[in-house]
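# Commentary on secondary and tertiary structure
One-letter residues, chain by chain:
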Amino acid sequence: MKLATAAQMREIDKLAIEQYHLPGVVLMENAGAAVAREVERLLGGIKDKKICVFAGLGNNGGDGFVAARYFANGGAKVKVFLIGEKARITGDAQIHADVLSRMGVDVMEITGDRDWDKVRIAVTFSDCLIDALVGTGFHGEMSEPLALIVDIINRSGKRVVAVDVPSGVNADNGQVQGSAVKAHLTVTFGLPKPGLLLYPGASQAGEVILDGIGLPLPLLATAPVQQMTITAGYVKQLLPKRRADSHKGLNGHVGVIAGSHGYTGAAVLCASGALRAGSGLVSLAVANSLRSIMEAKMTEVMTRTLPELASGAIGLKSIPFVEELSNYWDVIALGPGMGRQNETQAAIREIVRNAEKPLVIDADGIVALAGHMDVIHQADAMAILTPHPGEMAQLTGLSAMQVNQDRIGIARRTANQWGSIIVLKGAPTIVAFPDGEVFVNTSGNASMATGGTGDVLTGVIAALIAQGLSSHDAAVAGVYLHGLAGDIAAQAGAVGLIAGDLLQALPAAIAGLQS
Ligand SMILES: NC(=O)C1=CN([C@@H]2O[C@H](COP(=O)(O)OP(=O)(O)OC[C@H]3O[C@@H](n4cnc5c(N)ncnc54)[C@H](O)[C@@H]3O)[C@@H](O)[C@H]2O)[C@@H](O)CC1
Ligand SMILES: [K+]
């Protein structure tokens, strides 16, 4: 499903009005009616319920006036508080404010100190509060008196429904500067906004309900929007279909180069992830002295050995061996647990530079590229990089916090800059492509924030490439599948989930998508 930034949503609304001659006042009517419907569902009916609507001076407030009319029509006791003076309401919002006052529903201005007492009393006796303060028109930090209202709403302990976007949340990146409404439910219009999926916005929004508000489908379908969610339906049509007469030779061969002393688990998880995601064959190339450990740990994976440094990590002498081995592989998963010694890192860069097969690069593989991004352009196929925010910070010179504050923007920018597919891991994982296309994952959960889950992801994506998916589709489908395995594994208990549980859950995740 497409996601629209505030500016894109404004443009869509504008085109609906100008090209389709659908009046803005009708869109506002539909928006307010959708909010009222959802509130009725949430409260199990609205007759005799006490509902407070907090409206701002823009169109978000206008949606609130419409909802207030439906509440009054449905027999609820409605109080509408306006943040500012009625005289400053304009356009479509003014039309709906006028209807309200003509039907005898008072819109109370909050302008002076005495008004706050009325607000507090009304809130105390309410069943539900409607946040129609600001929506996609909000920018920057919330100023007074809005911040005070937000505080009253958040401390009320009442059910809160946000109109379009919880007030204070940046619709584009989910950031909150200062305060923001914490809603149980957000009814959003047209297309979902990225800020409702990105944190902290996602936790402020609560359950998100999308309502089309009657926007013409051709307009939404053709909207020039470059970001979308990864959904089950989308991934379903990407996954490889296995022939009834299939044999292992038809399902691809993943070559994994991973692990070093102390980090054999990373290699095992990556190689096992590739097997569990359906790769016909998986080879794991490790330093010589790790062979017996790997063979004891794994049964189905073939172990290949490489010359090693005294420390048990691979060095430059491995390069010809890797070149020979990779002739038999369809894809190379590179990096988990390989180590950060200078020579190992140099060897990783050589492997990337010489690669004739698609690459999925993770962990120490990514660190090796910091300051050496030129090598990625020398690989034959477009590489997939799967950094977590800490690794992305190392690559960009930003802090992990800065990365998280603009996950979509940074993934998009670096994918373009490096000519690579970027899988920026975290909540939620973002997949970005050099042409600006971005996917936001919708599967997965916080229990997956544990060591080794990233190694599994690398193996899963590589396995999908081995089975014939393009790197584009494998990155998108792999991220979703991995998250879905996490959701299935978390059903047994979210705390204490380990990366190995994802391996067990992968077949069920695939089966669920193929049913
Ligand atoms: N045709 C349309 O454009 C439609 C718009 N709709 C609604 O309209 C909203 C967008 O309306 P607008 O563009 O009028 O904008 P908003 O109503 O979201 O916000 C504008 C108001 O917010 C105030 N504001 C902005 N930043 C602030 C800050 N930091 N602190 C305090 N106040 C701040 C502005 O002064 C202005 O009063 C959507 O979110 C949606 O709810 C819907 O009615 C559907 C149709
Ligand atoms: K709002």
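Quick caveat, the model's predicted, so the values are computed rather than measured. (Residues numbered from 1 in each chain as written. Chains lettered and ligands numbered in written order. Predicted model: local features only at pLDDT ≥ 70, side-chain atom pairs only at ≥ 80, totals over all residues. Heavy atoms only, no water.)

### Examining the nonpolar core
With 62 residues, the main nonpolar core has V254, V256, L284 and V431 as its most contacted residues. Looking at this core element by element, the count peaks at 11 residues for helix α20 (residues 471-490). When neighbours within four sequence positions are excluded, L284 is seen to be in contact with V256, A258, A267, M294, M298, V301, M302, T303 and R304. Judged by nonpolar contacts, the second largest core, of 48 residues, contains A4, A31, A132 and V163. (Core = buried A, V, L, I, M, F, W, Y, C linked by side-chain atoms within 4.5 Å. Buried < 20%, exposed > 50% of the residue type's maximum accessible area, 1.4 Å probe, protein only. Helix = DSSP H or I, 4+ residues; strand = E, 2+ residues; numbered from the N terminus. Contact = heavy atoms within 4.5 Å.)

### Digging into the coordination of the potassium ion (ligand 2)
With distances of 2.6 to 3.1 Å, the protein atoms coordinating the potassium ion (ligand 2) are N60 (OD1), D131 (O), V134 (O), V163 (O), V165 (O) and S167 (OG). Note that the potassium ion (ligand 2) binds six donor atoms; their angles at the metal cover 64 to 170°, and the shape is irregular. All donor residues of the potassium ion (ligand 2) come from one chain, and their arrangement in sequence is N-x70-D-x2-V-x28-V-x1-V-x1-S. Taken together, the residues D131 in strand β5 (residues 128-132) and V163 in strand β6 (residues 159-163) connect sequence positions 32 residues apart. (Donors = N, O, S within 2.8 Å, 3.2 Å for Na, K, Ca; no water. Tetrahedral: all angles 85-135°; square planar, octahedral: opposite > 155°, others 65-115°.)

### Some words on the sheet that holds β6
Strand pairing in a sheet is mediated by backbone hydrogen bonds. Such pairs are either parallel or antiparallel. Sheet architecture is open: seven strands sit in the order β4-β3-β2-β5-β6-β7-β8, paired in parallel fashion. Every interior strand has two partners, whereas the edge strands, β4 (107-109) and β8 (207-211), have only one. Sheet twist, expressed as the mean angle between neighbouring strand axes with direction ignored, is 20°. Judged from the three bridges that link them, strand β3 (residues 77-82) and β4 form a sheet pairing that is parallel. By the bridge assignment for β4, F81 is matched with M108. (Pairing = 2+ DSSP bridges. Axes fitted to C-alpha atoms, helices over the stretch in contact; angles between N-to-C directions.)

### What about the packing of helix α19 (residues 453-466) against α20?
Running from amino to carboxyl end, α19 crosses α20 at an angle of 135°, the nearest separation of the two axes being 8 Å. Regarding the angle of α19 to α20, the classification is oblique. The interaxial crossing formed by α19 with α20 has right-handed handedness. Residues T453, V456, L457, V460, I461, L464 and I465 of α19 touch α20, and the partners they reach there are S471, A474, A475, A477, G478, V479, L481 and H482. Of the residues assigned to the contact of α19 with α20, the class counts are 11 nonpolar, four polar and no charged. (Parallel < 35°, antiparallel > 145°, perpendicular 65-115°, else oblique. Left-handed = near helix turned anticlockwise from the far one by under 90°. Nonpolar A, V, L, I, M, F, W, Y, C, P; charged D, E, K, R; others polar.)

### Some points on the UniProt feature "domain: YjeF N-terminal" (unreviewed entry) in the protein
Feature annotation in UniProt places "domain: YjeF N-terminal" (unreviewed entry) on residues 9-221, given in this structure's numbering. A helix fraction of 42% and a strand fraction of 16% characterise residues 9-221, whose end C-alpha atoms lie 13 Å from each other. (UniProt positions renumbered as here; feature names shortened; annotations may be inferred.)

### As for the sheet that holds strand β12 (residues 302-306)
As summarised here, the arrangement of the 11 strands in space is β1-β9-β18-β17-β16-β15-β14-β13-β10-β11-β12, forming an open sheet in which the pairing is mixed. Every interior strand has two partners, whereas the edge strands, β1 (2-3) and β12, have only one. One ladder, built from five bridges, connects strand β10 (residues 253-257) with strand β11 (residues 281-287); its direction is parallel. What sits directly across from H253, in β11, is L281.

### A look at the site of ligand 1
For ligand 1, the set of nearby residues contains 22 residues, the closest of which are N60, D63, G135, H139 and D164. In this structure, G137 approaches ligand 1 through a main-chain N or O atom, which is 2.9 Å from an oxygen atom. Burial of ligand 1 by the surrounding chains reaches 79%, relative to a free accessible area of 860 Å². Applying the majority rule of atoms within 2 Å of the grid points places ligand 1 in the second largest pocket. The set of elements that each furnish at least two residues to the shell around ligand 1 consists of α1 (6-18), α2 (24-43) and α3 (59-73). Of all the elements, α3 adds the most residues to the shell around ligand 1, at three residues. Each residue belonging to the shell around ligand 1 can be placed in one class, and the counts come to 10 nonpolar, eight polar and four charged. (Near = heavy atom within 4 Å. Polar contact = N/O pair within 3.5 Å; in protein donor to acceptor, adjacent residues only side chain to side chain. Areas by Shrake-Rupley, 256 points an atom, 1.4 Å probe, with all protein chains shown as cover. 1 Å grid on protein atoms, 1.4 Å probe; cavity = no way out; pocket = protein on both sides within 12 Å on 5 of 7 lines; lining within 4 Å. Sits in = over half its atoms within 2 Å of the grid points.)

### Re the environment of V25
Examined against the element boundaries, V25 turns out to sit in helix α2. Relative accessible area serves as the criterion here: at 22%, V25 is assigned to the partly exposed category. V25 has contacts with D92, I95 and H96, leaving out every residue within four places of it along the chain.

### A few points about the layout of surface pockets
Volume-wise, the largest pocket comes out at about 880 Å³. Around the largest pocket, the lining comprises 39 residues; the ones closest to its centre are K425, G426, A427, T429 and M448. Contributions of two or more residues to the lining of the largest pocket are made by α10 (264-276), α16 (389-396), α19 and α20. If one sorts the elements of the lining of the largest pocket by residue count, α19 sits on top with four residues. Looking at the lining of the largest pocket residue by residue, the class counts come to 16 nonpolar, 18 polar and five charged. Considering only enclosed or pocket space, the second largest pocket measures out at about 730 Å³ in volume. Lining the second largest pocket are 34 residues, and of these G58, N59, N60, T136 and G137 sit closest to its centre. At the level of secondary structure, the elements contributing two or more residues to the lining of the second largest pocket comprise α1, α2 and α3. Split into classes, the residues belonging to the lining of the second largest pocket amount to 16 nonpolar, 10 polar and eight charged. (Points joined across faces, edges and corners; volume = space filled by probe spheres on them.)

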